[in-house]
Amino acid sequence: MRNLFNFILRNSHWLVAILLIAFSFYLVFAHNSYQRSVYLTSANRVTGWFYTTTNDITSFFLLKKNNADLLERNAELEERFHTLRVFLDSLANTDSVVVEAFAPDSVGIQHFDFIPAGVVNMSFSGVNNFITLDKGATHGIKRDMGVISQQGVVGVVASVSPNFSVVIPIINPKFRLSARLRNSENNGSVSWDGNNIRRAQLQDLPKHEVFHEGDTVLTSFSRIFPKNTIIGFVSDTGKSVDDNFNTFDIQLATDFYTLQDVLVINDRFYDEQQTLEDTLRQ
Amino acid sequence: MKISYLYEIILFVLLILLQVLLLNRLSLFGIATPVLYLYFLLKLPMGRNLFYVIISGFLLGLIIDVFLNTPGMNAATTTIVAACRKPLLNLFFEKEEYDEFVPGIYTATGPFVRFTILTVLLHLTLLFFIESFTLFNLPATLLRIAGSSVISILLIFAFDSFIFKRKRGEQV
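Residues numbered from 1 in each chain as written. Chains lettered and ligands numbered in written order. Predicted model: local features only at pLDDT ≥ 70, side-chain atom pairs only at ≥ 80, totals over all residues. Heavy atoms only, no water.

Regarding the sheet that holds strand β11 (residues 245-252) of chain A
Residues and elements named next belong to chain A.
Here is step 1 of the chain: With respect to topology, six strands assemble into a closed barrel ordered β6-β7-β8-β11-β10-β9, the strand pairing being antiparallel. Taken over all neighbouring pairs, the strand axes of this sheet differ in orientation by 40° on average, direction set aside.
Here is step 2 of the chain: Summarising the sheet, strand β9 (residues 216-219) and strand β10 (residues 230-234) pair through three bridges and their orientation is antiparallel. Residue Leu 218 lies in a different strand from β10, and its bridge partner there is Ile 230. (Pairing = 2+ DSSP bridges. Helix = DSSP H or I, 4+ residues; strand = E, 2+ residues; numbered from the N terminus. Axes fitted to C-alpha atoms, helices over the stretch in contact; angles between N-to-C directions.)

Written out as structure tokens, the structure is:
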């Protein structure tokens with residue numbers, strides 16, 4: 001018994017150390033949002049796995065019904081496709097497809113039109129990533145045009161040959177783009193830190209800005225992209241590098257792993273705006 | 001004895017101010033941030049009461065945390081380092097050396113250099129792994145540990161030789 005007391009007495013400083021370390025880790029998890037989110041995701045992974053497994057099992061029993069639903073839906077779409085095809089053929093066919101989604105108002109002349117292009121080559125393993133498109137100067141593509149996919153922003157045309165063009169995507173450290181959150185007016189900027197091609201970083205957003213995971217990140221003033229084009233979604237609540245501004249990860253809307261088709265944005269008033277702004281600079 | 005405690009308190013405050021006001025704003029090449037406050041734990045007399053070492057280590061980390069808005073991270077690492085200080089000292093120094101002996105670059109160059117390198121490595125490894133928490137970006141974390149360790153160790157040696165050159169007349 002005396003030996004035990006002696007042992008405890010001799011090593012009581014370790015006890016104090018362990019208590020203090022435990023307290024520190026409590027602080028880490030209780031206060032640091034980044035650490036807390038990691039902690040919570042790990043916990044959620046278990047529940048997520050549980051849900052996926054149960055879903056896999058139950059869905060097996062619903063296959064027959066799902067199949068019937070799909071066939072029905074397929075027939076419906078087929079019919080719709082046919083109607084639209086007929087309608088499309090009746091219209092005057094132009095080379096470049098006009099996307100009306102971004103039409104700002106009913107001012108007659110379209111501000112932007114869109115040139116569809118296919119991805120022929122892409123690198124995303126390194127840091128200096130680029131994308132090669134199968135359309136070039138002969139199709140009306142010029143330098144500094146914006147490129148978007150069905151989901152969101154892809155990048156900016158960096159150089160053009162007669163039949164090809166090279167795009168610098170978001171996932172290149174040279175790329176910077178001003179951005180804002182959907183529910184606010186403050187501008188930040190999006191850039192890429194070279195780590196993960198599904199994520200970019202939104203920087204320089206004032207600290208008082210309130211945001212949540214999943215908030216949409218849109219383009220703000222840009223010479224290249226229409227206002228309010230989707231860039232991505234806030235994926236963590238971030239930590240600040242310095243005192244007044246927040247930096248945090250955003251999940252990019254465009255999936256570069258599966259990118260096939262893109263639209264190149266042709267701003268019809270680009271030259272006009274450029275000339276006007278240049279007169280002011282002189 | 002009393003002078004020694006006073007000296008330690010001044011050092012404590014000075015190191016925190018240096019770290020918070022100056023060093024933490026540096027980021028060399030985006031990977032290396034010098035850490036000097038650990039110098040306090042290195043420079044305590046060898047035979048100092050272990051409770052004193054551990055609690056002062058904890059307070060040091062906690063105050064740094066409060067300033068840098070990283071609750072618990074530095075406190076956890078400095079407490080661990082403080083607790084491991086005695087075993088580390090035993091690795092490099094002779095046990096016979098007297099209790100009030102303060103290791104330093106002039107007084108015991110070889111052991112002090114080794115002791116410092118190991119302590120700083122331990123501290124920064126713990127710190128950066130707690131900070132990034134998952135090993136997801138392992139190469140980047142390792143790079144930061146290496147970069148910060150090198151710059152911190154050099155800074156600690158420079159700081160030590162600077163302070164003791166001025167005090168040489170009295171202390172050595």
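Things to note about the confidence of the model for chain B
Detailed reading of the predicted model is not advised wherever pLDDT is low.
All names here are of chain B.
Here is step 1 of the chain: In this model, chain B carries an average pLDDT of 81, and 85% of its residues clear a pLDDT of 70 or more.
Here is step 2 of the chain: No element of chain B has a lower mean pLDDT than helix α7 (residues 138-171), at 79, and none a higher one than helix α4 (residues 73-83), at 90.
Here is step 3 of the chain: The ipTM assigned to the predicted complex is 0.78, against a pTM of 0.48. (pLDDT = per-residue confidence, 0-100.)

Some details on helix α5 (residues 85-92) of chain B
Here is step 1 of the chain: Taken residue by residue, α5(B) has Arg85(B), Leu88(B) and Leu89(B) as its buried positions. All buried residues of α5(B) lie within an arc of 100° about the axis, which places them on one face of the element. (Buried < 20%, exposed > 50% of the residue type's maximum accessible area, 1.4 Å probe, protein only. Arc of directions from axis to C-beta.)

Observations concerning the packing of aromatic side chains
Here is step 1 of the chain: Under the counting rule described, the total for this entry stands at six aromatic pairs over all chains.
Here is step 2 of the chain: Ring geometry for Phe112(B) versus Phe157(B): centroids 6.3 Å apart, planes at 55°, classification tilted. Taken together, the residues span a long stretch of sequence, with Phe112(B) in helix α6 (residues 109-132) and Phe157(B) in helix α7 at a distance of 45 residues.
Here is step 3 of the chain: Grouped by ring-pair contacts, the aromatic residues Phe23(A), Tyr26(A) and Phe58(B) constitute a single cluster. (Phe/Tyr/Trp six-rings, centres within 6.5 Å; stacked < 30°, edge-to-face > 60°.)

Section: the nonpolar core
Here is step 1 of the chain: Ranked by size, the top nonpolar core spans 50 residues in total, and within it Leu15(B), Tyr39(B), Phe40(B) and Leu41(B) carry the most contacts.
Here is step 2 of the chain: Of all the secondary structure elements, the ones that give two or more residues to this core are α2 (12-31) of chain A together with α1 (2-22), α2 (39-42), α3 (50-68), α4, α5, α6 and α7 of chain B.
Here is step 3 of the chain: Residues Leu133(A), Val147(A), Val190(A) and Leu259(A) belong to the second largest nonpolar core, which totals 43 residues. (Core = buried A, V, L, I, M, F, W, Y, C linked by side-chain atoms within 4.5 Å.)

Here's the deal with the pattern of salt bridges
All names here are of chain B.
Here is step 1 of the chain: All told, the structure shown has four salt bridges over all chains when counted by the stated rule.
Here is step 2 of the chain: The partner of Glu 8 in a salt bridge is Arg 48, and the shortest N-O contact between them spans 2.8 Å. Here the residue Glu 8 occupies a position in helix α1, and Arg 48 occupies one in the loop between α2 and α3, the gap between them amounting to 40 residues. The same class applies to Glu 8 and to Arg 48, which are both buried.
Here is step 3 of the chain: Between Asp 160 and Lys 43 there is a salt bridge, with the nearest N and O atoms lying 2.9 Å from each other. With Asp 160 in helix α7 and Lys 43 in the loop between α2 and α3, the pair connects residues that are 117 residues apart, well separated along the chain. Taken as a pair, Asp 160 and Lys 43 share a single burial class, namely buried. (Salt bridge = Lys/Arg side-chain N within 4 Å of Asp/Glu carboxyl O.)

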